[in-house]
Amino acid sequence: MNNVATVTAVDYRAIFRALVKHIEGCYSLRVNVGPVTGSYTGQFDGKEIWVDLDRNPEEAVFILVHLFGHTVQWNLDEKLRLLGLTNSGVRKEDLPRIYQYEREASRLGLALLEETGELRLARWLSDCFGADWKFLAHFYRTGEKLRFAKEQGADEPLLSPLSIPRFTPQRWPPRGSF
């Protein structure tokens, strides 16, 4: 027998289904798969998360876990909710604070993945977050929506999970994302 490591394919459809079941059962949030308003691929409001019907399963998992993280933040911290609702008027000096907000959302998403038994996606999620952050930083600087491939986020430091605190879901004005 050779010593070549076997790469196990990731079944993002199964992961997505497990995440939806866990989010709805453990956190009393509703997950909707279907059309999202505007040009967004995801949306959330503190009680519900929407993922665009046309996303590939890998992208849908990232959208779901990241928006779950923002949902937790919004339900626990008014300052983070107000920061998340900001779409314009972002200044260069705001970017480090926004970066921390975005990174924390993905760290909460990583904890969610681990709660469902998915322990092998930390690097994947870090890369996805890195690409998303490049998109957001570029958008805030230029107003242009320029997508970055997951591989372009590979320079992002590895995420570590952030424990998900107890929260009570509350509805806020919806926020489109991605």
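Right above here is the structure, for reference.
Here we summarise the structure given alongside this text. (Residues numbered from 1 in each chain as written. Predicted model: local features only at pLDDT ≥ 70, side-chain atom pairs only at ≥ 80, totals over all residues. Heavy atoms only, no water.)

1. Quick word on the packing of helix H4 (residues 95-115) against helix H5 (residues 122-142)
Consideration 1: Following both chains from N to C, one finds H4 and H5 inclined at 155°, their axes separated by 10 Å at the closest point. As far as their axial angle goes, H5 and H4 are roughly antiparallel. Note that H4 runs across H5; the crossing there is right-handed. On H5, the residues touching Leu95, Ile98, Tyr99, Glu102, Arg103, Ser106, Gly109, Leu110 and Leu113 of H4 are Ala122, Leu125, Phe129, Asp132, Trp133, Leu136, Tyr140 and Arg141. (Axes fitted to C-alpha atoms, helices over the stretch in contact; angles between N-to-C directions. Helix = DSSP H or I, 4+ residues; strand = E, 2+ residues; numbered from the N terminus. Parallel < 35°, antiparallel > 145°, perpendicular 65-115°, else oblique. Left-handed = near helix turned anticlockwise from the far one by under 90°. Contact = heavy atoms within 4.5 Å.)

2. A short note on the packing of helix H1 (residues 12-27) against H4
The relative placement of two packed helices comes down to the angle between their axes together with the axis-to-axis distance.
Consideration 1: Where H1 contacts H4, the axes come no closer than 10 Å and their chain directions differ by 100°. What the angle tells us is that H1 and H4 run roughly perpendicular. Along the contact surface, H1 presents Ile15, Leu19, His22, Ile23 and Tyr27, while H4 presents Leu112, Leu113 and Glu115.
Consideration 2: Class assignment for the residues of the contact of H1 with H4 results in six nonpolar, one polar and one charged. (Nonpolar A, V, L, I, M, F, W, Y, C, P; charged D, E, K, R; others polar.)

3. With respect to the environment of Asp77
Consideration 1: Among the structural elements, Asp77 can be located in the loop between helix H2 (57-76) and helix H3 (78-84).
Consideration 2: The class for Asp77 is partly exposed, based on a relative accessible area of 30%.
Consideration 3: Separated by 101 residues in the primary sequence, Asp77 and Phe178 have C-alpha atoms spaced 22 Å apart. (Buried < 20%, exposed > 50% of the residue type's maximum accessible area, 1.4 Å probe, protein only.)

4. Focus on the sheet that holds strand E4 (residues 175-177)
Consideration 1: Pairing within the open sheet is mixed, and its four strands lie in the order E1-E3-E2-E4. Each end of this open sheet is capped by a strand with a single partner; those strands are strand E1 (30-34) and E4. If you compare each strand with its neighbour and ignore which way they point, the axes differ by 20° on average.
Consideration 2: Relative to E4, strand E2 (residues 42-44) runs antiparallel, the two being bridged by three bridges. The residue of E4 that forms the bridge with Phe44 is Arg175.
Consideration 3: Taken strand by strand, H1 contacts E1 and strand E3 (48-52), and its axis lies near 145° from that of E1. (Pairing = 2+ DSSP bridges.)

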